[in-house]
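Residues per chain, in single letters:
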Amino acid sequence: MRTYLAYEIHLCTSYRCTLRIPISPCIARAIKSSPSIIVSSLLPITSCSFKSGSLATPIYAEIATVFVASSHNCAAAAAAAAADKEAFKFAQICPRKNHMMATPRNNVRRHSKRTSPIKRAPLLGVLHLQLLLSILVATSNYCNFGSYSSDHEYGGGQQKSFKLFVECFSSPPPISSTSSRLSSLNHRRVTLKGSSFHNRHQQQQQPLHRAESIKSSSVRLHGAASNSADVNTSSATIPNTKKAYKKKRSTKKQSNNYSQKKYSKQKGAAGGGGSIPKHMMNAARQYNSQLTKCNSVSELLSSFMEQTSTSTSSSNGDNTSSATHLAGANKLNSVNFSTCLHRLARFAAKGSYSSTPSTSNMNQNDARKQVLSDPRFALLVCSMAEMASGVDASTSVKMGNEMVLQQWRVKCGNDGGDGEGMREADDVLNDIVGLSSDTTSGGGDNDVVSVESRLEAAEQIMNQLSIPQTKNTFSSRECSNVCWALAKLRVSPPSSAFALGRVVGDGDDDESGKDFLSSRQFVSLDEMALDVVSSTLQVRMQLFEEARKRKSGGSSNGAWIPELSRLAGKVMDLIAVKIINEYGMRNDGGTSSTNTVFNPQEMASVLWAYAKANRADDALFSTVAAELIRQTGYALERGGQGPRPQELSNTIWAFATAGIRGEQQIELVKFAANALDEGEGLFFGNEFKPQELANTGWALATLHSKRGEGTSTETVEDDGIVRILRWVAKDIMQRVDSYKPQEISNSVWAFSTVGFGYDESCGTNVHNDYVHVATNDPVGDKELVYETLEVIAENALSRLHNFKAQELNNLAWGFTRLGHRTERTEKLLVGVGEELTKRTWQFKPQDIGTTLWSLATAECFDKDAFMAGASRLNLRHIRSFKPQEMSNTVWALATAGFAPKYIRAFDTTLVPASQRPTTKMVMSDSITECFAAVASEAMRRPQDFKDQELKDVLWAFSKIGVRHPALFKKVAHHLVAANGRGFGGFSSQGLGNTLWSFAKQAQLSLEVIDSLGDSVKLGSTGRLAVYETSCLDIGEKAIKTLFVRAAEGGVELGLDRFTNQDLSNTVWAYSTLGLLHSGFFKEAENQVLKRLKNLRPFKGQEIANILWSFATLNAQPDPVLIDELSSYIASVCRGKKGVADEYSISKVFKRQELANVAWSCAVVGRYPEELMKILYTGIVGTANDPSRMKQIFHDDGLQQSSIMTLYYVQLAADIEASKLQLALPPGFPNGWGESEGHARGNGDDLIEMSSSMLTLTISKLQRDVSNTFTEIGFENVLEHVIDTNEIKDEYGFQLPQTPQEFLSIDIANIRQKVGVEVDGPGHFVRLIDDTRKPSNKVTLNGQFADKGENRVNGPTLLKHRLLTHLGWNIIHLPYWEYQSLGGVREKERKYCESLL
């Protein structure tokens, strides 16, 4: 028995209120033991909080403060208490007999168990405060129930209620925005007017002994009023009818399974209603035909209101209506509801809200908003939901409130979660009134509502609300129509916003009690039905509150819409559970509980609806798919028609849209493929419409793209997908003109997404991360797709103007992704580019980025199209673009080579402000503004960019030659800061390209220096300038940390996952900045050796970059690496006759790459004979004909850096490998260099190294050291140069006759042949994974020893060896050792003497 604290207050002259709050027994005992605390005329102001879950979840009161206020200050009391965040209650008019119900707000702070001292809120008009009572009350949504009676009899209240509703909502309300509706919902208040001071003064004189009459079943607190002697307190008790029902059902306890089975038998697959008189059934049939004649949403809703009003049956003495009674008040049956909702959704989809000219042509979205804001629609959905829940249509709203909002909540303790709340209430009460734990704890665990109690309570109440009736049930078709309509209107919330409701099994009862509030788990269908009805009653309360507002001249704010949305979700959940139960038993071999059977069309419609509404789960979809396969298979076995194409297509589409994969989904794909292949398509395949085939292909590709790795059913699924896509391709070739643009684009998208017909259809494409469907006939499928794409290209070209922007995007993306390169394809892509130019503003951001990506990848460089696309990404609209769309766009522009007009606009490090363009100038060029806008967003929110997107943005800037130090600095800190992203999520390509981008940004400084000259304030040149620029851009610590983290991330990822290009880009980036991570380079060396042994093919550029990087950083690779690469290069450079000649070599290498390989061999000191001959053959040929070599290699000659490299190589080979007898042409380098005015490099070369040691500059440090050596008597000259003639005359080495200066010594004593090399920062690489301290002295034993974090680089090492071979004694002076002397001349002299 539940105990109540009840009291009455007068709100105005016409209404009086009895508020009842359920309390735990301990509170009742406290009040009974201290009757003096019972105070008359108290208005409670309660602080409430909300526990997340469904709207039926409990709301617990915290500190409840009771106030005494004058009648004209009750509103002020409530406002003051609310302002003090104590809480409030507001009243709502119930839709029956002018009753009012007090309910707590649900948008208040989260509940937590706590104790708190008594709080007093300052109130105006406090007259005589007898006692301040502070209690904690555990209550539920709508458990604070008060019935309001007017001076009129109840019989007239029903008529008055419906009349009020019809008067206020006879015409549709204006559309109001969702935000304004929600704002009004969250802030609305209802002022409660109290009694007069005189009456309250009389109450205070009444004896307090009335409190002694409090009963455990109903504790009443009587408040005085002007007619207090006539106060009716019966409204606070449970009606006699309810007691009778309870007594009658008390001896019947049934299990969960029995309850569900009995419920289904009584109410059918989707609920039922009460007994409908014959004349009402006839009226319902006539009404259904009337519905088919309605031509708009407004006509349908007006017809519904007219049909369910009291006037329609007044001749029979029936005064019920849909406003006063549940489930349509016996005026409609399930067919009427189904037809009305179905047609209403169709009209809304067409924009046909009203037949008036002003609203007849509104768009679909506006029509949907108008429907949702129409109170008549809300009443329609409520009535339908009540009938679907099995509520008797003769049940009044009053009885529904009493049963659901009072009795069920009380019995079940707020959906089974009230027991814990009661214990928390008792704990707080201990601190407030000083009761002991033993006294208040009561029965301990007995306060927790058990699953059995919930089962029994839900069954008892539902049996009172419903009458067993099988004639008026929702049939399978009606269920599918209802679900379809709710999904089409998008009225139900997605499962991510409102959790799915499901009935848990017997084995999950314990868990359901714990997780019910958060996961919306129920113990029976009866409980789910009651939850639905509780929502309908809440919507009704809000509707009548709105009606009263409009009656008094107020405007509608759509306060019911949020709960109406949840109600729609609950209805769909209820139907889903019934379907699962029905077919779950049937598919498990059990007996069906009803005769209701969904046919395949209805099942497909149901799955479509749940997928569209995003309220699907695997249980529902697997159950329905299994039944669909069972039914169609059974029909086929007996010679029946079997499945229809639309049914299979919609079902597979639903699985894809819902993103549900599993065994039943794969069985469905296999079933569809078998049905298509049977009789070579004569029985089924030819019945497919183009839309159905295209949708099926789209769905298969979507499901395949969501497949995880290593599933055991991959082969079965791939086989089914391939067979179905073959049908799609064949059908397109046969009747391509019948395919609409969307169907063509979807089909091409499907082919490309799964890689159907791709060159590498079997397994994974090694060139990217895409997974392709496996096929047993890759050659045949490739030919089939090739022919299909040719047909599509020719057909689509003539009607591209009919394609929407997204369809053009999908078409271009599909052709590009499949690698289809033909003349027709080129024309098609040109046409797509022209459409982009013409209809730029029709393209959404996603379409812009992907279309430009496709055109760039396919090398269709339509300047107008790229300019038009770039113009959309401007500083004004950039925030409407997603990161992927931005990265795709700038990547495409860089790939196509469309550089910004103001290429130095963002270089704040090297370019003076006076030479940078203004903002107005930047905005005058669409491509410059596009890059500026993307950079601003990447700096503003780098965390929103995925790893690949961030990489693509950085790569685009570096590739196109645009320096942006601020962007790269921001990204660097985002990656390696204390809480940075790191490289854990980067792919091998992403990591390699990111490092390449950072290194390229620094290398671009050489171009800036060449272009601006002395205006660039940079104190170094060459390799040192590159490193110095990176430090100025990013910061030395940040750039080192970035490359250390990248190396660690690469090793952790596994270099076996790096492609050859990824590996090449990564090691090139380290060498360009002079950063050596020994661990990473050792792993890279091992990986290259492994791939060479496994005959994994390398490109010439990749080999050259890898060798050059190891040599430049002096990474000291194992000589075996050179030998293995030598063998590989020899094998790939041999021609048809087995000999490597100029032509065969040119197919693998460029001449610059060959020169870099030769230089790398010289640095390492390894000269494989076959390799060196191939290198010389490729660089200078065998006929001493520079023009012939230019023609063969398609270049303008050797770069200056390559020429200087060959002098070093030739000298080293003459000294260290003279037996090879290598020689440069006699007239070299005359005629072998690049043509005058030709730019260095072509932009595609990763290596733009300068090996020339004769760009001579004398630093201040070099002069100081020279002066110091002079002071100690060591004669010297600065920058002594050794040319080819000196080498030939003095040492006898045969170099080309043309004199060239290619060796120099910083400080030289020519007579003694002693040289001093002042090694500045440009002579060293930084060992970023070495923490050893610098040594005090440089030791030379054939090669340099490491000095702390520094190691001499490859060029310095080679120069030292050559000078040593020429008889020079070379002393190396590290810059940091001399600088550490602090400029003290005596120390400097002693230091120089020690070196000699």
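Residue numbering note: each chain is counted from 1, following its sequence as written. It should be noted that, the model being predicted, local features are given only for residues of pLDDT at least 70 and side-chain atom pairs only at 80 or more, the latter also being counted only at that level, while totals for whole chains, interfaces and linings use all residues. Neither water nor hydrogens contribute to the side-chain values; these are computed over all heavy atoms in the structure.

Visitor: Would you take a moment to explain the pattern of salt bridges for this structure?
Guide: Salt bridge, as used here: a side-chain nitrogen of Lys or Arg that lies within 4 Å of a carboxyl oxygen of Asp or Glu. Under the counting rule described, the total for this entry stands at 44 salt bridges. Of the charged contacts in the structure, one is a salt bridge between Glu717 and Arg707, with a shortest N-O distance of 3.2 Å. Of the two residues, Glu717 sits in helix H26 (residues 714–734) while Arg707 sits in the loop between helix H25 (690–705) and H26, which places them 10 residues apart along the sequence. Residue Arg707 is classed as buried on the basis of its relative accessible area, which comes to 13%. Connected via shared salt-bridge partners are Arg879, Glu937, Arg940, Arg941 and Asp944. For helices the rule is a DSSP run of H or I covering at least 4 residues; for strands it is a run of E covering at least 2, with both sets numbered from the N terminus onward. Think of it in three bands: residues with accessible area under 20% of the maximum for their type are buried, residues over 50% are exposed, and the middle band is partly exposed, with areas taken using a 1.4 Å probe on protein chains only.

Visitor: I'm lost on the sheet that holds strand S19 (residues 1369–1374) in this one. Help?
Guide: Two strands in a sheet stick together by hydrogen bonds in their backbones, pointing the same way (parallel) or opposite ways (antiparallel). Pairing between strands is defined by DSSP: at least two bridges between them are needed. Read across the open sheet, the four strands follow the order S14-S15-S16-S19; overall the sheet is mixed. At either margin of the open sheet sits one strand with a lone partner, and together these are strand S14 (1277–1283) and S19. Between one strand and the next, the sheet's axes are offset by a mean angle of 45°, whatever the strand orientation. Here six bridges tie S14 to strand S15 (residues 1301–1309), and the two strands are oriented antiparallel to one another. In the sheet register, Asp1283 faces S15, and the bridge partner there is Glu1301. Comment: axis = line fitted to C-alpha atoms, over the contacting stretch for helices; angle = value between 0 and 180 degrees taken between N-to-C directions.

Visitor: What is the right way to look at the pairing of strand S17 (residues 1324–1327) in this model?
Guide: Within a regular strand, the side chains alternate between the two sheet faces. Burial of the side chains of S17 extends over both faces: Phe1324 and Arg1326 are buried on one face and Val1325 and Leu1327 on the other. Strand direction decides the pairing type here: S17 and strand S18 (residues 1350–1352), joined by three bridges, are antiparallel. Residue pairing in the sheet places Val1325 in a bridge with Arg1351 of S18.

Visitor: Just to check I follow, could you spell out the environment of Lys827 for this structure?
Guide: By the secondary structure assignment, Lys827 is in helix H30 (residues 823–838). Spatially, the C-alpha atoms of Lys827 and Glu794 are 8.9 Å apart, while their sequence positions differ by 33 residues.

Visitor: Sorry, what's going on with the environment of Gly1197 here?
Guide: The residue Gly1197 is located in the loop between helix H49 (1186–1193) and helix H50 (1200–1216) in this model. Residues Gly1197 and Gly1233, spaced 36 residues apart in sequence, show a C-alpha to C-alpha distance of 4.9 Å. For this analysis, residues touch if any pair of their heavy atoms sits within 4.5 Å. If we skip the residues at most four places from it in the chain, Gly1197 touches Arg1151, Lys1190, Trp1232, Gly1233 and Glu1234.

Visitor: What exactly am I supposed to notice about the sheet that holds S17 here?
Guide: Overall, mixed pairing links the three strands, which are arranged S13-S17-S18 in an open sheet. For this open sheet the edge positions go to strand S13 (1075–1076) and S18, each flanked by a neighbour on one side alone. Bridge count for S13 against S17 is two bridges, and the pairing is parallel. Bridging across to S17, Leu1075 finds its partner in Arg1326.

Visitor: What am I meant to see in unusual backbone geometry here?
Guide: Backbone geometry follows two general trends: most residues other than glycine have a negative phi, and most peptide bonds adopt the trans configuration. Of note, the amide linkage connecting Phe1228 to Pro1229 takes the cis form, showing an omega dihedral of 10°. Note that Pro1229 resides in the loop between H50 and helix H51 (1260–1271). We note that Ala327 has phi near 60°; this positive angle belongs to a residue other than glycine. When you line up the elements, Ala327 lands in the loop between helix H9 (297–307) and helix H10 (334–350).

Visitor: Explain the nonpolar core here, please?
Guide: Buried together is how nonpolar side chains tend to be arranged in soluble globular proteins. In terms of nonpolar packing, the biggest core is built from 290 residues, with Phe377, Tyr610, Phe621, Leu811, Phe1043, Tyr1070 and Ile1287 touching the most fellow members. Of all the elements, helix H20 (residues 561–587) adds the most residues to this core, at 13 residues. For Leu811, the residues in contact, after removing those within four places along its chain, are Ile744, Ser745, Val748, Ile792, Ala796, Leu800, Phe803 and Leu828. Of all hydrophobic cores here, the second largest spans 18 residues; its members include Val1318, Ile1371, Trp1376 and Tyr1378. Definition used in this section: a nonpolar core is a set of buried Ala, Val, Leu, Ile, Met, Phe, Trp, Tyr and Cys residues joined via side-chain atoms within 4.5 Å.

Visitor: Teacher, can you tell me more about the packing of helix H41 (residues 1036–1053) against helix H42 (residues 1060–1073) here?
Guide: The geometry of a pair of packed helices is captured by two quantities: the angle between their axes and the separation between those axes. Orientation of H41 relative to H42, taken along the N-to-C sense of each, is 155°, at an axis distance of 12 Å. Here H41 lies roughly antiparallel to H42, going by the angle between them. At the point where H41 passes H42, the crossing takes the left-handed sense. Between H41 and H42, the contacting residues are Ile1039, Phe1043, Ala1046 and Ala1047 on the first element and Ala1069, Tyr1070 and Leu1073 on the second. Classifying every residue of the contact of H41 with H42 by side-chain character gives seven nonpolar, no polar and no charged. Here is the rule for angles: anything less than 35 degrees is roughly parallel, anything more than 145 is roughly antiparallel, 65 through 115 is roughly perpendicular, and the remaining ranges are oblique. When the near helix sits turned anticlockwise from the far one by under a right angle, the crossing is termed left-handed; a clockwise turn instead gives a right-handed crossing. Each residue gets one label: Ala, Val, Leu, Ile, Met, Phe, Trp, Tyr, Cys and Pro are nonpolar, Asp, Glu, Lys and Arg are charged, and the others, such as Gly, are polar.

Visitor: What is the right way to look at the confidence of the model for the protein in this model?
Guide: Reading predicted coordinates in detail is not appropriate for stretches of low pLDDT. As a per-residue measure, pLDDT tells how confident the predictor is, with possible values from 0 to 100. Per-residue pLDDT for the protein averages 74, and the proportion of residues at 70 or more is 67%. Per-residue pLDDT stays below 50 along residues 590–595; that stretch engages in 13 contacts with residues further than four places along the chain or on separate chains.

Visitor: Can you walk me through the packing of H42 against helix H43 (residues 1078–1093) in this structure?
Guide: Direction vectors running N to C along H42 and H43 enclose 150°, while the axes themselves pass 12 Å from each other. Taken together, the axes of H42 and H43 lie roughly antiparallel to each other. The way H42 lies across H43 gives a crossing that is left-handed. Between H42 and H43, the residues in contact are Asn1060, Leu1063, Thr1066, Val1067 and Tyr1070 and Phe1080, Phe1081, Ala1084, Gln1087, Val1088 and Arg1091, respectively. Among the residues making up the contact of H42 with H43, the classes are represented as seven nonpolar, three polar and one charged.

Visitor: It is not clear to me how H43 should be interpreted in this structure. Could you clarify?
Guide: Each α-helix winds once per 3.6 residues, and so residues spaced three or four apart point in a common direction. Take the residue count of a helix, subtract one, and multiply by 1.5 Å to get its expected span. An ideal rise of 1.5 Å per residue puts 22 Å on 16 residues; H43 measures up with 23 Å between its terminal C-alpha atoms. Among the residues of H43, those classed as buried are Phe1080, Phe1081, Ala1084, Glu1085, Gln1087, Val1088, Leu1089, Arg1091 and Leu1092. On its buried face, H43 sits against H41, H42, S13, helix H44 (1100–1112) and helix H45 (1119–1133). With its phi angle positive at about 60°, Leu1095 sits one or two positions after the end of H43.

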